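# Examining the three-dimensional arrangement
Okay, here's what each chain looks like letter by letter:
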Amino acid sequence: MMQIFLLNFLFLLFFLLFIPILIDQIHLPDKWKTGLKILSFSIAIISCISIPIKVEGGFILDLRLVATIIGGIYGGIPASIVLWLTNISYRSLFGGEGVETTVVLATVHMIFFVFLFPKLKKLTKTEKLLIGTVTGYFSSIFTIAYITIFYSPTVPFVVSITLILLQTTAVAIIIYFQELMGEMTIMKNEILRTEKMEIVSQLASSISHEVRNPLTVVKGFLQLMRDSNLPPEKRNEFLKISISELDRANSIIGDYLAFAKPSQERQENLCINVELEKTVEVITPLANMNSVTVKVHSISEELFIKGEKQLLQQCLLNITKNCIEAMPKGGELTLGITRNDNDILLHISDTGVGMSEEQLKKIGEPYFSTKGEAGTGLGMMTSLRIIQSMGGSLKITSQENKGTNFELCFPIVKK
């Protein structure tokens, strides 16, 4: 008996907790996600009914009502109706007097959650946990009482206690972890948004700092040109310099906007030499603000990799930005390209504070950062995923107080 109930319990954990968590990780429209979750809840009910505890009078006891309760709390009115139909239709296949009991119990639960759902959406985690646990407890009591009063079969005491404990516990556990995962998802999205805004803010600050230099030069020459006694050749020279400085400012702004504007999600052949130059152009103002010298060692041969331009730039920016921040007192940021048979090796190194072996092992883990409270670790995690999605790999070596080296390896593709 206990083995059957525990098997029901495992069905519920898999279809009500594990599968919905996987569905939330898939990039699908919300309607599709809701439909897949309702399908998973229905399979949980079918699984529980398929392996029940049989008692006198053709009644079968299982934990199917846990799926009904969870579906009512998180799936809303559509889920309640679908699960009501699943309960009745599948239980009818087995026959016996318990079919009528299933109709009554399923209908009561459906009506309860249809009317209660609008209020459930506004409840806190603790309130949902309390309502779900109480509903699971009284649902078990109501099931046993209904069978006993109207049909008078002998439901063993041990079976009754086990049903009550497991059903109540299952509802509480699943609601707790559902709410916990929901909170973690919200927190992760908020941290990602904050990380992006921080990068944009720092870049905007560095770009504006860089743009002020040519604008200051232009302003100075325009003031000099107000002198009516200025020779024509000097005036032309000042105009030429002013136009050149304005072009430089426009180029800086253009590079920044080209990087910041999201591109369409599509793979294309990317020239690694060109992409590295763009990264250097974008990151140089930030490096200058932090007294960091940028050195580039490229190769004349044009090498191509397959990927999405905007994502590759995001990856390179995250890594180079981390390198610059690892040199608070200034230093040297070196970027280079080498070729190894059929692979391109992109080297990014700094002369910063470095990392210990323990820190290196945790690189790429969510919320781990060597920046303390100032970092989240999501930038590095995102970079790793981008590299992997392009069929590449990342090797990191570091020594404390000497610096860190990042070696990005990508397969070469034909132009």
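Right, let's walk through the structure included here. (Residues numbered from 1 in each chain as written. Predicted model: local features only at pLDDT ≥ 70, side-chain atom pairs only at ≥ 80, totals over all residues. Heavy atoms only, no water.)

## Digging into the overall build of the protein chain
As a reminder of what qualifies: A run of H or I in DSSP counts as a helix once it spans at least four residues, and a run of E counts as a strand once it spans at least two, with each numbered from the N terminus. Buried means the residue's accessible area, taken with a 1.4 Å probe over protein chains only, is under 20% of the maximum for its type, while exposed means over 50%, and partly exposed covers the values in between. The contact criterion used throughout is that any non-hydrogen atoms of two residues lie within 4.5 Å. Each accessible area value is a Shrake-Rupley result obtained with a 1.4 Å probe; residue values ignore everything except the protein chains displayed when judging cover.
Scanning the protein chain for helices and strands turns up twelve helices and nine strands. A buried classification covers 42% of the 415 residues belonging to the protein chain. The contacts of the protein chain with a sequence gap of at least 6 include a subset with a gap of at least 24, amounting to 73%. For the protein chain, the accessible surface area stands at approximately 22400 Å², while carbon and sulfur atoms represent 61% of it.

## So, unusual backbone geometry
One non-glycine residue, S291, lies in the positive phi region at around 60°. Note on placement: S291 falls in the loop between α9 (272–289) and β4 (292–297). With relative accessibility at 54%, the residue S291 sits in the exposed group. With a phi close to 65°, N401 is a non-glycine residue in the positive phi region. Checked against the element boundaries, N401 lands in the loop between β8 (393–399) and β9 (403–411). A residue is classified by how much of its surface remains accessible, and N401, at 68% relative accessible area, is exposed.

## Considering empty space enclosed by the protein
Filter applied, for reference: A cavity here means a set of 1 Å grid points, computed over protein atoms only, where a 1.4 Å probe fits but cannot escape. A pocket is an open set with protein on both sides within 12 Å along at least 5 of 7 lines, and lining residues have an atom within 4 Å of a point. Grid points are joined across faces, edges and corners, and a volume is the space filled by probe spheres set on the points.
Inspection of the entire model under this criterion finds one cavity of 30 Å³ or more. Of the pockets and cavities examined, the largest cavity occupies roughly 180 Å³. Of all the secondary structure elements, the ones that give two or more residues to the lining of the largest cavity are β2 (59–61), α3 (64–74), α5 (98–120), α6 (125–151) and α7 (157–225). The element contributing the most residues to the lining of the largest cavity is α5, with five residues.

## Description of the pattern of salt bridges
For clarity, the cut-off: Salt bridges are defined by distance alone: a side-chain nitrogen of Lys or Arg within 4 Å of a carboxyl oxygen of Asp or Glu.
Taken as a whole and assessed by the stated rule, the structure comprises eight salt bridges. For K125, the salt bridge is made with E183, and the minimal N-O distance between the two is 3.9 Å. Placement of the pair is K125 in helix α6 and E183 in helix α7, with a sequence separation of 58 residues. K125 sits in the partly exposed class, given a relative accessible area of 24%. As a salt-bridge pair, E237 and K234 come within 3.9 Å of each other at their nearest N and O atoms. On the criterion of helical spacing, the pair formed by E237 and K234 is a turn pair, its members being three residues apart in helix α8 (residues 232–260).

## Here we look at the layout of surface pockets
Note the following rule: We call Asp, Glu, Lys and Arg charged. Ala, Val, Leu, Ile, Met, Phe, Trp, Tyr, Cys and Pro are nonpolar, and the rest, Gly among them, are polar.
Estimated volume of the second largest pocket: approximately 640 Å³. Lining the second largest pocket are 20 residues, and of these D24, K37, Y74, Q178 and G182 lie nearest its centre. Mapped onto the lining of the second largest pocket, the elements with two or more residues apiece are α1 (2–25), α2 (30–50) and α7. Tallying contributions element by element places α7 first for the lining of the second largest pocket, with seven residues. In the lining of the second largest pocket, the residues fall into seven nonpolar, six polar and seven charged.

## Thoughts on the packing of α3 against α5
We count it as follows: All axes are obtained by fitting lines to C-alpha atoms, using only the stretch in contact for helices, and the reported angles, taken between N-to-C directions, cover 0 to 180 degrees. An angle below 35 degrees is read as roughly parallel, one above 145 as roughly antiparallel, one from 65 to 115 as roughly perpendicular, and any other as oblique. For any pair of crossing helices, the crossing counts as left-handed if the nearer helix is rotated counterclockwise from the farther one by less than a right angle, and right-handed if it is rotated clockwise.
At a closest axis distance of 8 Å, the pairing of α3 and α5 adopts a crossing angle of 25°. Between α3 and α5, the angle is such that the two are roughly parallel. For the pair α3 and α5, the crossing hand works out as right-handed. Every residue of α5 that contacts α3 at R64, L65, T68, I69, G72 and I73 is listed here: T102, H109, F113, F117 and L120. Grouping the amino acids of the contact of α3 with α5 by side-chain chemistry returns six nonpolar, four polar and one charged.

## Some details on the packing of aromatic side chains
We apply this condition: Each Phe, Tyr or Trp ring (for Trp, its six-membered ring) is paired with any other whose centre lies within 6.5 Å, and the angle between the two planes then decides the class: stacked below 30 degrees, edge-to-face above 60, tilted in between.
Enumeration according to the criterion identifies nine aromatic pairs in this entry. Seen in terms of ring centroids, F112 and F113 are 5.0 Å apart; in terms of plane orientation they differ by 80°. Their pairing is edge-to-face. Classification of F112 as partly exposed rests on a relative accessible area of 37%. For F113, a relative accessible area of 1% corresponds to the buried category. When the centroid spacing of 4.8 Å and the interplanar angle of 40° are considered together, the rings of F221 and F238 count as tilted.

## Thoughts on the side chain of H109
Summarising the element assignment, H109 is placed in helix α5. Excluding its chain neighbours within four sequence positions, the residues that come into contact with H109 are L65, T68, I69 and S139.

## Quick word on the pairing of β8
To be explicit about the condition: The pairing criterion for strands is at least two bridges between them, as found by DSSP.
Here β8 shows a buried face lined by L394, I396 and S398 and an unburied face lined by S393, K395, T397 and Q399. Here β8 folds back onto β9 in antiparallel fashion, the turn holding three residues, of which N401 has a positive phi close to 65°.

## Considering the nonpolar core
Selection criterion: Take the buried residues of types Ala, Val, Leu, Ile, Met, Phe, Trp, Tyr and Cys, join any two whose side-chain atoms come within 4.5 Å, and each joined set is a nonpolar core.
I348, F406 and L408 are the most contacted members of the largest nonpolar core, which totals 36 residues. Looking at this core, the elements with two or more residues in it are α9, α10 (309–325), β6 (331–340), β7 (343–349), α12 (378–389), β8 and β9. If sequence neighbours within four positions are ignored, L408 has contacts with C315, L316, I319, I344, L345, L346, I348, I387, S393 and L394. Listed in part, the 35 residues of the second largest apolar core include F41, V155, V159 and V171.

Keep in mind these numbers describe shape, not what the thing actually does.
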